[in-house]
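# Residue-level structure breakdown
Spelled out, the chains give:
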Amino acid sequence: MAHEVRGVVAAAKGRPVTVETIEVPDPGPGEALVTVQACGVCHTDLHYREGGINDEFPFLLGHEAAGVVEAVGPDVTDPAPGDFVILNWRAVCGECRACRRGRPWYCFATANATQPMTLDGRPLSPALGIGAFAEKTLVAAGQATKVDARARPEAAGLLGCGVMAGLGAALLTGEVGPGDSVAVFGCGGVGDAAVAGARLAGAARIIAVDLDAAKLDLATAFGATDTVNASEVDPVEAIRALTGGHGADVCIEAVGHPEVMEQAFYARDLAGTLVQVGVPNPDMRIDLAMIDFFGRGGRLKPSWYGDCLPTRDFPLLIDLYLQGRLDLDRFVSETIPLDGVEEAFGRMERGEVLRSVVVL
Ligand SMILES: NC(=O)c1ccc[n+]([C@@H]2O[C@H](COP(=O)([O-])OP(=O)(O)OC[C@H]3O[C@@H](n4cnc5c(N)ncnc54)[C@H](O)[C@@H]3O)[C@@H](O)[C@H]2O)c1
Ligand SMILES: [Zn+2]
Ligand SMILES: [Zn+2]
């Protein structure tokens, strides 16, 4: 039996999104049906609407979500109906060459639901294989990760994408450790999560870089020890000055811009780590002297989804949140209804919010 529910659909390139009645099938083998409680608005949703990801319209948007499992397919034992879950967009397969090498966070064959959700009989393309701006959504069972049900859904759901990407950029990809100096370029939801991750890891100095003074204030609230306004000063010089002339041990690029990538490259200390978590456009290029790659040493590391493993990391991070050691609530700038997504895109583009979160 299909369930008729309301969902936010991007019907055509650039056209404002609308709330439509969609059909969500009962879960088949390997699938889970989830009643969505909250879902954050992410740039990636807007990229889908603008045709920047692919042309497979219509899209069912939304992918930073938490909810309760309503039903599972006949072969599914985990999760179980009634579980409080965070949805993830990298459900690892356990069998591809990355998984077999013991590096499942790189899984090259991640799973999504096999049955389509539909609009008037037409298959919808769910954003990042999730589609959670909807009262119910159908995912692969491995995309629904059980966590402690005492967490607020609107905060917990954010771990499903941008906040996990930022936390993981610092904790997992960057391997920030006690006493390290860290510079984070771009203090949106992802960058601020990287700041929070660096604080959790015991970094001694956390330098936040942004063009917007209000964003720098927020980064300070998440644990930045110093701020650099890159619209006023050269951030590379400023970071060197704050680190005894050397540069930071770990620099995290959370903007997705070649100029910022270059700044982050040169703001590192010798043998330091550069983490790229901002997503570039396909036409972006950087032009660096090869001798600087060699001569400066260290590591250059792109970070997919913060190199997270949802089954390992979501429950742990929710426990830290419940213990008051990770402030996920601060990422929730506002809560909005399902029909507020289009206006929320505008506030996101103007930089007025870290995250608007749809509450159902
Ligand atoms: N790697 C991943 O898996 C992953 C996951 C989610 C998001 N992302 C990416 O992370 C990036 C950040 O996402 P977000 O939600 O925080 O975006 P955002 O737009 O909220 O934040 C970007 C911040 O960068 C600042 N900024 C812009 N230009 C700058 C410059 N030249 N120097 C310094 N700061 C500058 C902006 O003022 C803003 O505060 C995006 O590219 C997004 O696509 C990556
Ligand atoms: Zn795999
Ligand atoms: Zn996202």
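If you're wondering where the values come from, they're calculated on a predicted model, not measured in any experiment.

With that settled, the discussion passes to the overall build of the protein chain. Regarding its fold elements, the protein chain presents 11 helices and 19 strands. Taking 2.2 N^0.38 as the reference for a compact globule, 360 residues should give roughly 21 Å; the C-alpha atoms of the protein chain span a radius of gyration of 20 Å, in line with that estimate. Overall size of the protein chain, expressed as C-alpha extent along the three principal axes, is 65 × 40 × 40 Å. Counting only residues that meet the buried cut, the protein chain has 51% of its 360 residues in that class. Residue pairs at least 24 apart in sequence account for 71% of intrachain contacts in the protein chain once pairs closer than 6 positions are excluded.

Right, let's get into the sheet that holds strand 16 (residues 268-276). An order of 14-13-12-15-16-17 is seen for the 6 strands of this open sheet, with the pairing classed as parallel. The sheet is open, and its two edges are formed by strand 14 (226-229) and strand 17 (299-302), each paired on a single side. In this sheet, adjacent strand axes meet at a mean angle of 15 degrees when their direction is disregarded. Relative to strand 16, strand 15 (residues 248-253) runs parallel, the two being bridged by 5 bridges. Across the sheet, Glu253 pairs through a bridge with Gln276, a residue of strand 16.

Helical geometry: 3.6 residues make up each α-helical turn, so side chains three or four residues apart lie on a common side. Every buried residue belonging to helix 7 (residues 235-242) is among Pro235, Val236, Ala238, Ile239 and Leu242, and all of these are buried. Along the axis of helix 7, the buried residues cluster in a sector spanning 165 degrees; they form a single face. Structurally, helix 7 contributes buried residues whose contacts are with strand 12 (181-185), strand 13 (205-210), strand 14, strand 15 and helix 8 (258-266). Within two residues after helix 7, Gly244 carries a phi angle of roughly 65 degrees, on the positive side.

In the neighbourhood of ligand 1, 29 residues make up the surrounding shell, with Ala165, Gly186, Gly188, Val190 and Gly256 lying closest. Listed by contribution, the elements that provide at least two residues to the shell around ligand 1 are helix 4 (162-173), helix 5 (189-200) and strand 13. Per-element tally for the shell around ligand 1: the top contributor is helix 5, with 3 residues. A per-class count over the shell around ligand 1 returns 15 nonpolar, 11 polar and 3 charged.

Further remarks concern the environment of Ala66. Mapping Ala66 onto the fold places it in strand 5 (residues 64-72). Judged by C-beta crowding, with 32 C-beta atoms within 10 Å, Ala66 ranks as buried. Here the alpha-carbon distance between Ala66 and Ala109, two residues 43 residues apart in the chain, equals 23 Å. Residues within four places of Ala66 in sequence aside, it is in contact with Gln37, Ala38, Val85, Ile86, Pro153, Ala156 and Gly157.

With that settled, the discussion passes to the packing of helix 4 against helix 5. At their nearest, the axes of helix 4 and helix 5 sit 7 Å apart, and the two run at 40 degrees to each other. One finds that helix 4 runs oblique with respect to helix 5. Along this stretch, helix 4 crosses helix 5, giving a crossing that reads as right-handed. Across the interface between the two elements, Gly162, Val163, Ala165, Gly166, Leu167, Ala169, Ala170 and Leu171 of helix 4 pack against Gly189, Val190, Gly191, Asp192, Ala193, Ala194, Ala196, Gly197, Ala198 and Leu200 of helix 5.

As for its placement among the helices and strands, Asn112 is situated in the loop between helix 2 (97-100) and strand 7 (118-119). Judged by C-beta crowding, with 18 C-beta atoms within 10 Å, Asn112 ranks as partly exposed. Spatially, the C-alpha atoms of Asn112 and Tyr266 are 39 Å apart, while their sequence positions differ by 154 residues. Sequence-distant contacts of Asn112, defined by excluding residues within four places in its chain, comprise Gly129, Val139 and Ala140.

Now for the pairing of strand 15. Of all 6 residues in strand 15, 6 are buried, a share of seventy percent or more. With respect to chirality, the unit in which strand 15 leads through helix 8 into the neighbouring parallel strand 16 is right-handed.

A few words on the domain arrangement of the protein chain. How big an interface is tends to be reported as the loss of accessible area on association of its parts. When its domains are assigned, the protein chain resolves into domain 1 (3-160 + 327-359) and domain 2 (166-303). Computed over C-alpha atoms, the centres of domain 1 and domain 2 are 29 Å apart. Listed per partner, the contact involves 6 residues of domain 1 and 8 residues of domain 2. A class-by-class count of the residues in the side of domain 1 that touches domain 2 yields 2 nonpolar, 1 polar and 3 charged.

Moving on, we come to the nonpolar core. Of all hydrophobic cores here, the largest spans 121 residues; its most connected members are Val182, Val184, Ile207 and Ile252. Per element, the largest residue contribution to this core is 8 residues, and it comes from helix 4. Structurally, this core is a two-domain feature, drawing no fewer than three residues from each of domain 1 (3-160 + 327-359) and domain 2 (166-303).

What follows is about helix 5. Here helix 5 contains 12 residues, and its C-alpha end-to-end distance of 16 Å stays within 8% of the 16 Å for a straight helix at 1.5 Å per residue. By the criterion of burial, helix 5 is predominantly enclosed, with 11 of the 12 residues buried. Within the span of helix 5, buried status applies to Gly189, Val190, Gly191, Asp192, Ala193, Ala194, Val195, Ala196, Gly197, Ala198 and Arg199. A positive phi of about 90 degrees marks Gly202, the residue just after helix 5.

Cut-offs and rules
- Residues numbered from 1 in each chain as written.
- Chains lettered and ligands numbered in written order.
- Predicted model: local features only at pLDDT ≥ 70, side-chain atom pairs only at ≥ 80, totals over all residues.
- Helix = DSSP H or I, 4+ residues; strand = E, 2+ residues; numbered from the N terminus.
- Rg over C-alpha atoms; globule rule 2.2 N^0.38 Å.
- Buried ≥ 20, exposed ≤ 12 C-beta atoms within 10 Å, placed from the backbone.
- Contact = placed C-beta atoms within 7 Å.
- Pairing = 2+ DSSP bridges.
- Axes fitted to C-alpha atoms, helices over the stretch in contact; angles between N-to-C directions.
- Arc of directions from axis to C-beta.
- Near = placed C-beta within 6 Å.
- Nonpolar A, V, L, I, M, F, W, Y, C, P; charged D, E, K, R; others polar.
- Parallel < 35°, antiparallel > 145°, perpendicular 65-115°, else oblique.
- Left-handed = near helix turned anticlockwise from the far one by under 90°.
- Right-handed = clockwise from strand over helix to strand, strands pointing away.
- Domains from an automatic or database assignment.
- Core = buried A, V, L, I, M, F, W, Y, C linked by C-beta atoms within 7 Å.
- Expected span 1.5 Å × (residues − 1).

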